[in-house]
Amino acid sequence: MKEGDALVRRQPLEIITPDISAMSDDSELLVEDEEKPLTAATLGRGRSPGDVGRRLTAKFKDFIADKEEEVSCFGSMWRGLASAVLTFALVSPFLYSLYKHAKINLPNYPSDLQSCAVDKNFSFAALHRQIQGSFRFCPQNYTRQSCHCSNPFKPVARVPRKPEYFSKWDSALQRNIRLAESFADEEKLKVVLYGDSITEHWLGTDLGAETQEAMSVNHQFQSIFKDGEALALGLAGDRCPQLLYRLKNGELPDSLRPPVIWLLIGTNDMVDHCSEESILMGILNIAEFLQYKRPDARIVLNGILPKPHPSTRVWDETVRGYKDIQWINLHLDCYAKGMESIDYFDPAPFFIEDDESRVPEDIMPDGLHPSGKGARRWGEAISNFVDNIIQDSH
């Protein structure tokens, strides 16, 4: 017999097909063997191709349902995480503010303000906490785009918005550092004046370059103070953060120890739309730093100079900036009255000539910088003020 014939004679596989017509519906076919495992041995046993397909479909649907539940749980987890991150982002500024308030080490501010003409509810310590814990240093009516004010408590090199001045500023700073070092251990030194362009003009320069207007001021400076008695360290355009940077980076060397330190800063901060509170805190922060570095020196806070109207030359409440400067100077005076080693100097009487609060053009031609004549009046008053301090200390 040939092998092919043997294959033909083999008994064919018997397939038992259930009587589907006797069932009420197709679901009974699936429920019947619901607990039986779906394996290769049982897949087609007693089932028609349609039954097998339906059973596979049902199993696949169950599988998909289980996976959808897993995916749903995974998605819920991510949604919860995203919600937590968003919540943290919203509350973190508030939490950071609380942290900064708790971390702030306040300087020794005067608490008795009875002799001051300030608001009875005013507190230097409270204002310090408010400004240092804030993210805004301009009045509320200024947007972030129009507010260019830097944090008054942090030193900043150069004026950030003036990149064209960077190289000149760096060069002028190095000039100041050399001058400060040259006055080291100078026995005749009475006073070192720190400030912006108004102070730099005592040197005869503006941002390191000689100008005719500044040289006229320098001539008065040289005639008022004898050689070695006074040193002016100013830099045009500087705000409080820039002066703080200079003091911490070379302009106050350990060997420079004058009996009097004269401080005039703040007028350029107004150009950046800094609030009056921010400017006040910036000035006092520098004063506190100078006190810490030179505890034996007397610190003099020169009030911000008048800035008269360019055409009428009037300096009163009708002029922009008048109220801010008056408020700052009032609180500088109040601060000095409560501190043993700090004095306040009011510059206004040396620039305002009559009862109409007019600042003559020959005293302050550009409404900001004193002329040679104005510098003479102001400089002589500074010299007398310094001499009185030194005499009282002996």
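Refer to the structure presented above.
Participant: Honestly, the overall build of the protein in this entry has me stumped. Any pointers?
Facilitator: When you go through the protein residue by residue, the secondary structure sums to 11 helices and 7 strands. Residue pairs in contact within the protein that sit at least 24 positions apart in sequence constitute 75% of those at least 6 positions apart. Carbon together with sulfur atoms contributes 53% to the accessible area of the protein, which is approximately 22,400 Å² in total.

Participant: I'm lost on the nonpolar core in this one. Help?
Facilitator: Inside soluble globular proteins, nonpolar side chains tend to come together where they are buried. Among the nonpolar cores identified, the biggest contains 83 residues, and Phe124, Tyr194 and Leu301 are the most heavily contacted of them. Among the elements that line this core, the one with the most residues is helix H9 (residues 276–293), at 9 residues. In terms of nonpolar packing, the next biggest core, distinct from the first, is built from 7 residues, Ala172, Ile177, Leu207 and Ala236 among them.

Participant: Is there a simple way to think about the pairing of strand E5 (residues 260–264) in this case?
Facilitator: Within a regular strand, side chains alternate between the sheet's two faces. Burial analysis of E5 places 5 of its 5 residues in the buried class, the great majority of the element. Where burial is concerned, the two faces of E5 agree: the one with Val260, Trp262 and Leu264 and the one with Ile261 and Leu263 are both buried. With 5 bridges connecting them, strand E1 (residues 191–195) and E5 associate as parallel partners. Bridging from a neighbouring strand, valine 191 pairs with valine 260 of E5. Strand direction decides the pairing type here: E5 and strand E6 (residues 298–302), joined by 4 bridges, are parallel. When the bridges of E6 are listed, isoleucine 261 appears paired with isoleucine 299.

Participant: How should I be thinking about the state of the cysteines in this particular structure?
Facilitator: Between two cysteines, a covalent bond joining their sulfur atoms is known as a disulfide. Scanning the model with the defined rule gives 3 disulfides in all. Disulfide partner of cysteine 116: cysteine 334, at an S-S distance of 2.1 Å. An S-S torsion of about 95° defines the bridge between cysteine 116 and cysteine 334 as right-handed. Residue cysteine 116 is located in the loop between helix H3 (49–103) and helix H4 (124–132), and its partner cysteine 334 is located in helix H10 (residues 322–337); the two are separated by 218 residues in the primary sequence.

Participant: Looking at this structure, how should I read the packing of aromatic side chains?
Facilitator: What characterises a pair of aromatic rings is the spacing of the ring centres plus the angle enclosed by the ring planes. If you walk through the whole model with that rule in mind, you get 15 aromatic pairs. Between tryptophan 315 and tyrosine 322, the aromatic rings sit 4.9 Å apart at their centres with planes inclined by 70°, giving edge-to-face as the arrangement. Following the ring pairs from residue to residue traces out a cluster consisting of Tyr109, Phe122, Phe124, Trp327 and Tyr335. The ring of phenylalanine 166 has arginine 158 sitting right over it, with the charged end atom 5.0 Å from the ring centre.

Participant: What is the right way to read the sheet that holds E1 from this model?
Facilitator: To summarise the sheet geometry, strands pair through backbone hydrogen bonds and adopt either a parallel or an antiparallel arrangement. An order of E4-E1-E5-E6-E7 is seen for the 5 strands of this open sheet, with the pairing classed as parallel. At either end of the open sheet lies a strand with only one pairing partner, and these are strand E4 (230–234) and strand E7 (342–345). The sheet shows a mean angle of 20° between the axes of neighbouring strands, taken without regard to direction. Across the sheet, helix H11 (residues 372–393) touches E1, E5, E6 and E7, and the angle it forms with E5 is around 145°.

Participant: Would you explain the packing of helix H5 (residues 166–182) against helix H8 (residues 240–248) in this entry?
Facilitator: Two numbers describe a pair of packed helices, the interaxial angle and the distance between the axes. Packing of H5 against H8 leaves a shortest axis separation of 11 Å and a crossing angle of 45°. Here H5 is positioned oblique relative to H8, judged by the angle of their axes. Our pair here, H5 against H8, has a crossing hand that is right-handed. In this structure, H5 uses Trp169, Leu173 and Asn176 to contact H8, whose residues at the interface are Gln242, Tyr245 and Arg246. Among the residues making up the contact of H5 with H8, the classes are represented as 3 nonpolar, 2 polar and 1 charged.

Participant: Please clarify how the environment of lysine 188 should be interpreted in this entry.
Facilitator: Note that lysine 188 resides in the loop between H5 and E1. What makes lysine 188 partly exposed here is its relative accessible area of 48%. Between the alpha carbons of lysine 188 and glutamate 229 there is a distance of 5.3 Å; along the sequence they are 41 residues apart. Those residues in contact with lysine 188, other than ones at most four positions away along the chain, are Asp227, Gly228 and Glu229.

Participant: Quick question: what am I supposed to make of H10 here?
Facilitator: Three- or four-residue spacings in an α-helix give side chains the same orientation, since the helix completes a turn every 3.6 residues. For H10, which comprises 16 residues, the first-to-last C-alpha distance of 23 Å matches the rise-based estimate of 22 Å (1.5 Å per residue) to within 8%. Looking at H10, one finds that the buried residues are Tyr322, Ile325, Ile328, Asn329, His331, Leu332, Cys334, Tyr335 and Ala336.

Participant: I'm lost on unusual backbone geometry in this one. Help?
Facilitator: Across residues other than glycine, the phi torsion is negative in most instances, and most of the peptide bonds are trans. In this model, leucine 207 sits at a positive phi of 55°, which is unusual for a non-glycine residue. For leucine 207, the location among the structural elements is in the loop between strand E2 (205–206) and strand E3 (209–210). The phi dihedral of histidine 273 falls on the positive side, at around 65°, and the residue is not glycine. Its place among the elements puts histidine 273 in the loop between E5 and H9.

Rules behind the numbers
- Residues numbered from 1 in each chain as written.
- Predicted model: local features only at pLDDT ≥ 70, side-chain atom pairs only at ≥ 80, totals over all residues.
- Heavy atoms only, no water.
- Helix = DSSP H or I, 4+ residues; strand = E, 2+ residues; numbered from the N terminus.
- Contact = heavy atoms within 4.5 Å.
- Areas by Shrake-Rupley, 256 points an atom, 1.4 Å probe, with all protein chains shown as cover.
- Core = buried A, V, L, I, M, F, W, Y, C linked by side-chain atoms within 4.5 Å.
- Buried < 20%, exposed > 50% of the residue type's maximum accessible area, 1.4 Å probe, protein only.
- Pairing = 2+ DSSP bridges.
- Disulfide = S-S within 2.5 Å.
- Phe/Tyr/Trp six-rings, centres within 6.5 Å; stacked < 30°, edge-to-face > 60°.
- Lys NZ or Arg CZ within 6 Å of the ring centre and 35° of its normal.
- Axes fitted to C-alpha atoms, helices over the stretch in contact; angles between N-to-C directions.
- Parallel < 35°, antiparallel > 145°, perpendicular 65-115°, else oblique.
- Left-handed = near helix turned anticlockwise from the far one by under 90°.
- Nonpolar A, V, L, I, M, F, W, Y, C, P; charged D, E, K, R; others polar.
- Expected span 1.5 Å × (residues − 1).

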